[in-house]
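# Fold and geometry: a report
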Amino acid sequence: MKSLTSRRARAIVVALAAGSLALTGCSENKGTSSNKDSKKDQKEAATQSKAVTYADAAASAGPAEEVPGAKPGGTITVFQESGLSHLDPGQIYVSDAGQVANLLFRGLTNFEEDGKGGVSVVGDLATDSGKSTEGGKTWTFTLKDGVKDQNGNVITSADVRHTIERQYAEFIFDGPTYLQTWLSGAKYREALPDGGFGSKHLPDSVLETPDDKTVVFHFDKPRPDLPQTLAMPGYSIVPEKSDTKERYDKAPVSTGPYKIAEYKIGKVLKLVKNDQWDPKSDSVRHQYVDGFDFQFGVTESTQTKRLISDQGGSKNAIQLTGGVESTQIQDVVGDPAVNKRTIKGYQPYVQVLNFNLDRVKNKKVRDAITYAVNSKSLIAGEGGAYGGDVAPNLFAPTLPGYEAGYDPYGRLKTPQGNIAKAEELLKDVPAAEKKLVFAYNNSEQGQKRKVAVEDALTKVGFDIVAKEVDSASYYEQIGKVDNPYDIYISGWGQDWPSPATVVTPVYDGDQIAEGSPNYSHVNDPKVQELIHKALTQEPTEAAKTWIEAHHYILETVNPAAPLWYTKQFQLYGSNIGGARYSTESSYIDVTRLFLKS
């Protein structure tokens, strides 16, 4: 999301009955902190659950409102510990690549922010946020005139069709699946096995492109969340002429203000201005700086040290998805000059310890782990109260339907772990079932988490076999259906303010597939029933059903032990202008940055 302009926004409040990464909804691959007052933080977090408004053509027209004091020129340095998960838009569902996507790519719609927690959906490549008919079953989008990709090719409805159809291809496995399943059902790949690269295409009764500028979606039921879905980075446009299938991940074509000048996965990424981008067509993004130079392999502790010292090139640097390293937080908050160079906010992520239900089949084992895990120790590694709060359940404070007091495993009373209860549950469990393979992220943060989990579970009698997984491919590895791990930490956040965007992608058995965020492989008939029920209800009734589903999942299935809610606390150099917290991404807003001198 970006800055919300002062132009009119059509006050259509998004219905929360249907839909919801990476906006934010997506997998988390870092999270650190806000301020010490957790109750105040949670109150502020509730602003992120505001209903989103859908904007009209006036609000969708460019250029974006100028950022006060902005100047052109210079290059921003971006510190990042791990390589990016993907750069093929269709594969983007993790926050690191989502940040970069807003510099490189454009979709039919996008999110725009007012800097006060308010978010609207605007037309990006489309002239507005979409027009619905038939009660929300049909949506029509008209493309803006003359928008080009970096090669000078005008984006047409054929490119939009291609972008959607390629999501059906087997090589696309890591991105969102909302649109495909809405159009073609849970087994959507069977509807278009070659992803539109052959002679077959989706029928006009599903996806219609009557002329070069018009795209019409036809659904079998109302899809009021479609404009928000299309704003996700995973649905950014891939120009048909430029698509290289699997190889596109290494050299994607830009439609945004910047393009790739050099890219070596996990080593080098240099962005420069895209001279084909027209600010008059874009109500969201800016192109103030000449480029971005990404430095990978820079640990959070090193990032923090460099940004605190604020010497040389570090004055022009930002953190992408990293945050202030926990042991240096006091060095930041204790120095007013440094502290004023921070952005803070509650993230939408719930960090959990997933159980692979194909391997950890004994619920007593899962319950014992849920009681035993030490959230207090884990949060200490994130920066204490600056890093997060104990999570008693699977819904974040940013999500509609969040119940602060819902705590079936007593996480709030015993955040350090309930050893006695865990041991009681394990007394008759065979030793073989207490041997667990624990996959952990090999980042600096992942190492801390590994120690905390291993220590807590060993205390109650588990035999933990820790397996290191490369940070850049971590979510890809745990997202494999036949992965060799029993337990692993993941973080998930709403794709937009609706429980559907948490419950459906993470706990729906129809979503079990390679790269799916159903990391625990939940496949329960009752969960399916409640999901299908909620998706067809009016918002008020649906809210009750989502809460019922949440309770059933956590208490009866228990696919994951809730650990903590994450907060964001990022630092940037003194020469960075325009920095602010993005409610949509839960990181620094990269679309409005400039260098002061």
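Structural data are supplied above this passage.
This is a predicted model, so every value here is computed, not measured. (Residues numbered from 1 in each chain as written. Predicted model: local features only at pLDDT ≥ 70, side-chain atom pairs only at ≥ 80, totals over all residues. Heavy atoms only, no water.)

## Some thoughts on the environment of Leu226
With respect to the helices and strands, Leu226 occurs in helix H6 (residues 226-230). Put simply, Leu226 and Ile369 are 143 residues apart on the chain and 38 Å apart in space, counted from C-alpha to C-alpha. Aside from chain neighbours lying at most four places away, what touches Leu226 is Tyr54, Trp139, Phe141, Leu179, Trp182, Phe217 and Phe219. (Helix = DSSP H or I, 4+ residues; strand = E, 2+ residues; numbered from the N terminus. Contact = heavy atoms within 4.5 Å.)

## Side note on the nonpolar core
Grouped together as the largest cluster of nonpolar side chains are 108 residues, with contacts concentrated most on Leu179, Phe217, Leu226, Leu353, Ile369, Leu457 and Phe462. Top contributing element to this core by residue count: helix H17 (residues 539-557), with six residues. Every residue in contact with Phe217, bar those within four places of it in the chain, is listed here: Leu108, Lys137, Thr138, Trp139, Phe141, Ile164, Leu179, Leu183, Val206, Leu207, Leu226 and Leu230. Grouped together as the second largest cluster of nonpolar side chains are 30 residues, Phe105, Leu269, Phe296 and Ile588 included. (Core = buried A, V, L, I, M, F, W, Y, C linked by side-chain atoms within 4.5 Å. Buried < 20%, exposed > 50% of the residue type's maximum accessible area, 1.4 Å probe, protein only.)

## Some details on the pattern of salt bridges
Counted under the stated rule, the structure contains 23 salt bridges. Taking the shortest distance from any N to any O, the salt bridge between Arg161 and Glu165 comes out at 3.0 Å. In this pair, Arg161 and Glu165 are both assigned in helix H4 (residues 157-166), four residues apart and thus about one turn of the helix distant. Neither residue differs from the other here; Arg161 and Glu165 are each classed as buried. Between Asp310 and Arg341 there is a salt bridge; the shortest N-O distance is 3.9 Å. With Asp310 in the loop between helix H7 (300-309) and strand E15 (317-319) and Arg341 in the loop between helix H9 (336-339) and strand E16 (342-355), the pair connects residues that are 31 residues apart, well separated along the chain. By relative accessible area, which is 11% here, Asp310 ends up buried. (Salt bridge = Lys/Arg side-chain N within 4 Å of Asp/Glu carboxyl O.)

## A short note on the environment of Lys250
In this structure, Lys250 sits in the loop between H6 and strand E12 (258-264). Given the relative accessible area of 57%, Lys250 is considered exposed. In this structure the C-alpha to C-alpha distance between Lys250 and Val350, which are 100 residues apart in sequence, comes to 31 Å. Not counting residues within four places of it along the chain, the set of residues in contact with Lys250 comprises Tyr263 and Ile265.

## Brief notes about the packing of helix H15 (residues 500-507) against helix H16 (residues 525-535)
Working note: a packed helix pair is described by the angle between its axes plus the distance between those axes. Contact geometry of H15 with H16 gives a least axis separation of 11 Å together with a crossing angle of 145°. Pair H15 / H16 crosses with left-handed handedness. Listed contacts from H16 to Ala500, Val503, Thr504 and Tyr507 of H15 are Val527, Gln528, Ile531 and Leu535. Among the residues making up the contact of H15 with H16, the classes are represented as six nonpolar, two polar and no charged. (Axes fitted to C-alpha atoms, helices over the stretch in contact; angles between N-to-C directions. Left-handed = near helix turned anticlockwise from the far one by under 90°. Nonpolar A, V, L, I, M, F, W, Y, C, P; charged D, E, K, R; others polar.)

## A few points about the packing of aromatic side chains
Applying the stated criterion across every chain, the model contains 20 aromatic pairs. A ring pair is formed by Phe141 and Phe217, whose centres lie 5.9 Å apart and whose planes are at 85°; its orientation type is edge-to-face. Remark: Phe217 occurs in strand E11 (residues 214-218) and Phe141 occurs in strand E9 (residues 138-142); sequence separation between them is 76 residues. Of the two residues, Phe141 and Phe217, both sit in the buried class. A network of ring pairs unites the aromatic residues Tyr54, Trp139, Phe141, Tyr178, Trp182, Phe217, Phe219 and Trp496 as a single cluster. Note that Lys245 overlies the ring of Phe197, its terminal NZ or CZ placed 4.7 Å from the centroid. (Phe/Tyr/Trp six-rings, centres within 6.5 Å; stacked < 30°, edge-to-face > 60°. Lys NZ or Arg CZ within 6 Å of the ring centre and 35° of its normal.)

## Thoughts on the sheet that holds E12
The five strands are arranged E12-E13-E14-E5-E15 in an open sheet whose pairing can be described as mixed. Looking along the sheet, the strands with just one partner apiece sit at the ends: E12 and E15. The mean inter-strand angle of the sheet, taken between neighbouring strand axes irrespective of direction, is 20°. Here strand E5 (residues 75-80) pairs with E15 via three bridges, running parallel. What sits directly across from Val78, in E15, is Ile318. Packed onto the sheet, helix H3 (residues 95-104) meets E5, E12, strand E13 (268-273) and strand E14 (291-296) and runs at close to 135° relative to E12. (Pairing = 2+ DSSP bridges.)

## Quick word on the sheet that holds strand E8 (residues 131-133)
On the basis of which strands lie adjacent, the open sheet formed by four strands has the order E8-E9-E11-E10 and antiparallel pairing. With partners counted over all chains shown, the strands left at the sheet margins are E8 and strand E10 (207-211), one partner each. Across this sheet, the average inter-strand angle for adjacent strands is 20°, counted without regard to direction. Both E10 and E11 contribute to a ladder of three bridges, which runs antiparallel. Within E11, the residue paired with Leu207 across the bridge is Phe217.

## A closer look at the pairing of strand E20 (residues 487-493)
Within E20, seven of the seven residues are buried, which leaves it mostly tucked inside the rest of the structure. Here E20 shows two buried faces, one formed by Ile487, Ile489, Gly491 and Gly493 and the other by Tyr488, Ser490 and Trp492. Note: strand E18 (residues 435-441) against E20, two bridges, orientation parallel. Counterpart to Phe438 in the pairing with E20 is Ile487.

## Some points on unusual backbone geometry
Peptide bonds are mostly trans, and most non-glycine residues show a negative phi. Residue Gly62 is joined to Pro63 through a cis peptide bond whose omega torsion reads 0°. In this structure, Pro63 sits in the loop between helix H2 (57-60) and E5. The backbone phi angle of Glu134 is positive, close to 55°, even though this residue is not glycine. You can see Glu134 is positioned in the loop between E8 and E9. Look at His521: it is not a glycine, yet its phi comes out positive at around 65°. Its location among the elements puts His521 in the loop between H15 and H16.

Taken by themselves, the reported measurements are silent on function.
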